[in-house]
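If you want the building blocks of each chain, they are given just below.
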Amino acid sequence: MIVRIRFLPDDVTVDAEVGEALLDVADRAGVFIPTGCLMGSCHACTVELEDGEIIRACITAVPPYEELTINLFSDPTW
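As the structure is a computational prediction, the values presented were derived from the model and not from experiment.

Some thoughts on the pattern of salt bridges
Opposite charge on two side chains lets them pair, provided their charged atoms get close.
Part 1 of the argument: All chains considered together, the criterion is met by 3 salt bridges.
Part 2 of the argument: Between Arg6 and Asp11 there is a salt bridge, with its nearest N and O atoms 2.6 Å apart.
Part 3 of the argument: Between Arg28 and Glu20 there is a salt bridge, with its nearest N and O atoms 2.4 Å apart.
Part 4 of the argument: Here Arg28 falls in the partly exposed class, since its relative accessible area comes to 45%.
Part 5 of the argument: By relative accessible area, Glu20 is classed as buried at 19%.

Here it is as C-alpha cells:
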C-alpha cells in the first residue's frame, strides 16, 4: 500500500510504502530530521502528526493511511 506523506513546514510530498522507515522516507524526500541515539530515547527525531500525536521518527514505520502530514520541529540543540 502506498501512502502519500507531506512534510511541513517544507511542504515536501513523497510516496512511501506502509512499513517503510520514516527516516528513510524523509531522507529520500530531501527532508532533514535530526537524530541522536536512533533508539527513540533522546527525542531528537520528534515529529508531530497532523492529529497532534507526537512520534519519534527513528523508531516509527509508515502507518497504513492514505495520506499523512508530518510537522517537523526545529530544535536548535540538535
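Describing the side chain of Glu20
Part 1 of the argument: By the secondary structure assignment, Glu20 is in the loop between β2 (12-17) and α1 (22-29).
Part 2 of the argument: With near-sequence residues (within four places) excluded, Glu20 lies in contact with Val25, Arg28, Thr60, Ala61 and Val62.

Brief notes about α1
Part 1 of the argument: Those residues of α1 lying buried are Leu22, Leu23, Val25 and Ala26. Here the buried residues of α1 occupy an arc of 160° about the axis, which is enough to place them on one side.
Part 2 of the argument: Directly beyond the C-terminal end of α1, a positive phi value near 80° is found at Gly30.

Definitions and limits used
Residues numbered from 1 in each chain as written. Predicted model: local features only at pLDDT ≥ 70, side-chain atom pairs only at ≥ 80, totals over all residues. Heavy atoms only, no water. Salt bridge = Lys/Arg side-chain N within 4 Å of Asp/Glu carboxyl O. Buried < 20%, exposed > 50% of the residue type's maximum accessible area, 1.4 Å probe, protein only. Helix = DSSP H or I, 4+ residues; strand = E, 2+ residues; numbered from the N terminus. Contact = heavy atoms within 4.5 Å. Arc of directions from axis to C-beta.

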